[in-house]
Amino acid sequence: MTIWVPALDGAAGPKYLAIADAIARDVSCGRLAPGARLPTHRDLADRLQVTVGTVSRAYAEAKRRGLVAGEVGRGTFIRQPAATGFEFGMPLRDAPGDRDLIDLSMNSPALSTIRDDLAPAFSALANQDVLADILCYQPNIGTERHRRAGARWMGYAGMEAEPDQVVVSVGAQHALLLAFSVISEPGDLILTEALTYPGMNSLARLLRLRLAGIAMDEHGLRPDALAEACRRGSPRAIYVNPTIQNPTAVFMPESRRREIAAIAEAQGIYVIEDDIYAYLTPEVPRPISALVPDLGFRVDGLSKSVAPGLRVGYLRAPKSVMEPLAAALMTTAVMASPFTAEVAATIIEDGTVDRIVQRRRREIAQRQKLTRDILGAHVARHSRPESLHVWLGLPEPWRAEEFVVEARARGVLVASPEIFAVGHSPTPHAVRLSIGVVDDINVLERSLHILAELLVSNPRPQMARL
Ligand SMILES: Cc1ncc(COP(=O)(O)O)c(C=O)c1O
């Protein structure tokens, strides 16, 4: 077995950066393949005649750049191409053959049927009067009609919201940016679930927030761990995804929501509740943000129910922050596009969205059954059966990074737990499958059989080549 040794001849500047650059170079030229294990810190330090600390810094830098993944005791691996470059970004599909990959790595609903649902609302935009209106600048937070539609959409998850507490945003990710930009300052501590939506990680980097992951159980965020984290630090807010959590598909029951709300209230910390998957389940317990209305923000949108390309998000916020929110909208986007906000308002008001929701729920129920029939006990017990995604536990000897790479080699993209990790917290041996996204259920079935075969096989020895 050959040990990878970077060529550092003549590299100027700090040694650790030269090593990290060499990793980047060798990944891009294919000398370091996805899944390849890098030498141990000591091994590489001996070979390069540098200190172990220098190698550790180099690997940490490579991890920061999204090139490698790994933990103490498990080694450092080159990440799959789709996850390199940016931790949170759209997968790059440029390599030959990539078009044939079955992509279960992105959480989106299937879109083939949605075109017909949306066609009348898009045609209505061509009406002169409507056009005259939506071609203009609008109030930053959205027109009264568009915000009313947002309030009505929130009703799907039992959230009562007045239109004057609702803001229209450019998708849910933008709603998060708006919320954090008005409640936090650089350096603030934000508590999240131990595995969280990757958009929160990237947002924290942008706004220079500190994130701390809180332990979870089968009901989501653990109140004892949350209370302890509040005692140790002075958090500004909790970011929580209680209904069908991304990525674990855990569902937080009402009693747990009340406990989280009580802690937030006692500590006076904000709750940013991301409930974008709540529409999938007919009976959602009260949102946490409804239990602490003065501290609670609720993030929602149509990306997971109708289509992500619409970029329609809604944020329900305490009335006291509506002015700063309007200013944040002004700065970040001026306003969400009135075109798609209008389409959204039309389909919410004329009942099209009700039909879409009902169909989505049926579609997902069928796909969940298929997934459980094929992958059986590997689907995590807490993984909610109404969910667009499934949390798949990996049996020994599989490790997540190797499984992701090998699944890709067999034509199926799945999401690695690494992209959901907060800070240096260890990741479980599990992957996320998005079962809603492929249009054709037969394609989904084929990919699930590929994964089922993989689960009962052994990782290929060359996965650890070098
Ligand atoms: C929990 C969660 N919040 C927000 C988003 C972002 O949604 P949007 O595409 O509307 O920005 C996603 C998308 O994956 C998500 O899973």
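These numbers come from a predicted model, not from an experiment.

A word on helix 12 (residues 322–332). Those residues of helix 12 not exposed but buried are Met322, Leu325, Ala328 and Leu329. Down the axis of helix 12, the sector holding all buried residues measures 115°, keeping them to one side. Set apart from the buried face of helix 12 by more than 90 degrees, the exposed residues are Glu323 and Thr331. As for helix 12, its buried residues are in contact with strand 4 (166–169), helix 7 (171–183) and strand 12 (313–316). Looking one or two residues past helix 12, Val334 carries a phi angle of roughly 65°, positive in sign.

A few words now on the sheet that holds strand 11 (residues 296–301). Strand order in the open sheet formed by seven strands is 4-12-11-10-9-5-6, with mixed pairing between adjacent strands. Looking at strand neighbours, the two that pair on one side only are strand 4 and strand 6 (210–214), the edges of this open sheet. Neighbour-to-neighbour, the strand axes of this sheet turn through a mean angle of 20°, independent of strand direction. Across four bridges, strand 11 lies against strand 12 in antiparallel orientation. Residue pairing for strand 12: Asp300 is matched across the bridge by Tyr314. Along the sheet, helix 6 (residues 144–154) contacts strand 4, strand 11 and strand 12; its crossing angle with strand 12, the most-contacted strand, is approximately 80°.

Right, let's talk about the packing of aromatic side chains for a bit. Here the structure, examined in full by the defined rule, presents four aromatic pairs. For the pair Trp153 and Tyr279, a centre-to-centre distance of 5.9 Å together with 40° between the ring planes defines the contact as tilted. Within this pair, whereas Trp153 is found in helix 6, its partner Tyr279 is found in the loop between strand 10 (270–274) and helix 11 (288–291), the two being separated by 126 residues in sequence. On the accessibility criterion, Trp153 (1% relative accessible area) is buried. Between Trp391 and Phe420, the aromatic rings sit 6.4 Å apart at their centres with planes inclined by 80°, giving edge-to-face as the arrangement. With Trp391 in strand 13 (residues 389–393) and Phe420 in the loop between strand 14 (412–413) and strand 15 (430–434), this pair connects stretches of sequence that are 29 residues apart. The class of Trp391 is buried, set by a relative accessible area of 6%. The ring of Phe251 carries Arg384 above its face, with NZ or CZ at 3.8 Å from the centroid.

A separate point is the confidence of the model for the chain. Low pLDDT means the predicted atomic positions in that stretch should not be read closely. Residues with a pLDDT of 70 or more make up 93% of the chain, whose mean pLDDT is 90. Segment residues 82–87 is flagged for pLDDT under 50; beyond a separation of four residues in sequence, or across chains, it makes eleven contacts in the model.

Rules and cut-offs
Going along each chain's sequence as written, the residues are numbered from 1 onward. Side-chain atom pairs in this predicted model are given and counted only at pLDDT of 80 or more, local residue features only at pLDDT of at least 70, and totals for whole chains, interfaces and linings cover all residues. Excluding hydrogens and water, the side-chain figures rest on all heavy atoms present in the structure. Only protein chains enter the accessibility calculation, which uses a 1.4 Å probe; a residue is then buried when its area is under 20% of its type maximum, exposed when over 50%, and partly exposed in between. We count a stretch as a helix when DSSP gives it H or I for four or more residues in a row; a strand needs E for two or more, and each element gets its number in order from the N terminus. The arc under discussion is defined with respect to the helix axis, by the directions toward the C-beta atoms. Throughout, a residue-residue contact means that at least one pair of heavy atoms, one from each residue, lies within 4.5 Å. A pair of strands is considered paired only if DSSP assigns at least 2 bridges between the two. A fitted line through C-alpha atoms serves as each axis, taken over the contacting stretch for helices, and the angle formed by two N-to-C directions is quoted from 0 to 180°. Stacked, tilted and edge-to-face are the three classes assigned to paired rings of Phe, Tyr and Trp, where Trp is represented by its six-membered ring and a pair needs centres within 6.5 Å; plane angles under 30 degrees give stacked, over 60 edge-to-face, the rest tilted. Any Lys NZ or Arg CZ found within 6 Å of a ring centre and within 35 degrees of that ring's normal is scored as a charge over the ring. For every residue, the predictor assigns a confidence score, pLDDT, that lies between 0 and 100.

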